[in-house]
Amino acid sequence: MRGIIHHIELYVSDLEKSTEFWGWLLEELGYNLFQTWNQGRSYKLKDSYLVFVQAEERFLDVPYHRKRVGLNHLAFYAESREHVDEVTNQLKEKGVTILYEDKHPYAGGEGYYAVFFEDPDRIKVEIVAPK
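Note that this is a predicted model, so its numbers are computed, not measured. (Residues numbered from 1 in each chain as written. Predicted model: local features only at pLDDT ≥ 70, side-chain atom pairs only at ≥ 80, totals over all residues. Heavy atoms only, no water.)

Looking now at the side chain of Glu118. In this structure, Glu118 sits in strand 7 (residues 114-118). Looking at Glu118, the relative accessible area reads 17%, which means it is buried. Of note is the side chain of Glu118, whose polar atom sits 2.6 Å from the side chain of Arg66. For Glu118, the side chain forms a polar contact with the side chain of Arg122, separated by 3.2 Å. Setting aside residues up to four positions removed in sequence, Glu118 forms contacts with Phe21, Arg66, Val96, Thr97, Leu99, Ile123 and Lys124. (Helix = DSSP H or I, 4+ residues; strand = E, 2+ residues; numbered from the N terminus. Buried < 20%, exposed > 50% of the residue type's maximum accessible area, 1.4 Å probe, protein only. Polar contact = N/O pair within 3.5 Å; in protein donor to acceptor, adjacent residues only side chain to side chain. Contact = heavy atoms within 4.5 Å.)

What follows is the structure, encoded as structure tokens:
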């Protein structure tokens, strides 16, 4: 257990949009809805969970950007390359823009099979196949 991430908490600009986006994605990756309250949701897989909390209005003036100090992106394992392809197709059906599409699915380098995209707040997300 030592060193394993317990949880990650992200503040979001629109909890409804984030719940719609992250809910299906995390369930696709094996997470289950863990907690629900007026200003947040969490999803759990084994002993780790992700928390999404509605940011207060007074903190919404400066939008998130991954190039600023702080979180650049979140990366999750897929089951396989085929699973990466399934998630990619679902993302496209939902109108989510695939990042680095001209290099997809090898944008991470030769032999690195992944899809990169952004959540509603433009947090970069990566789903990568195990080697």
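Spanning 14 residues, helix 1 (residues 15-28) covers 19 Å between terminal C-alpha atoms, matching the ideal 20 Å at 1.5 Å per step. Considered for burial, the residues of helix 1 that qualify are Leu15, Ser18, Phe21, Trp22, Gly23, Trp24, Leu25 and Leu26. Its side-chain oxygen at 3.1 Å from the backbone nitrogen of Glu16, Asp14 defines the N-terminal cap of helix 1. One or two steps after helix 1, the chain reaches Gly30, where phi turns positive at roughly 100°. (Expected span 1.5 Å × (residues − 1).)

Relative to strand 3 (residues 40-45), strand 2 (residues 32-37) runs antiparallel, the two being bridged by 5 bridges. By the bridge assignment for strand 3, Asn32 is matched with Lys44. Hairpin remark: strand 2 followed by strand 3, antiparallel, with 2 residues in the connecting loop. Pairing between strand 3 and strand 4 (residues 48-54): 6 bridges, direction antiparallel. (Pairing = 2+ DSSP bridges.)

Grouped together as the largest cluster of nonpolar side chains are 28 residues, with contacts concentrated most on Trp22, Leu25, Phe52, Phe76, Phe117 and Ile127. Elements supplying a minimum of two residues to this core: strand 1 (7-12), helix 1, strand 4, strand 5 (73-77), helix 2 (81-93), strand 7 and strand 8 (124-128). Contacts of Phe76, omitting those with residues within four sequence positions, involve Trp22, Leu26, Leu29, Tyr31, Leu50, Val125, Glu126, Ile127 and Val128. (Core = buried A, V, L, I, M, F, W, Y, C linked by side-chain atoms within 4.5 Å.)

Purely spatial values, then, with no claim about function.
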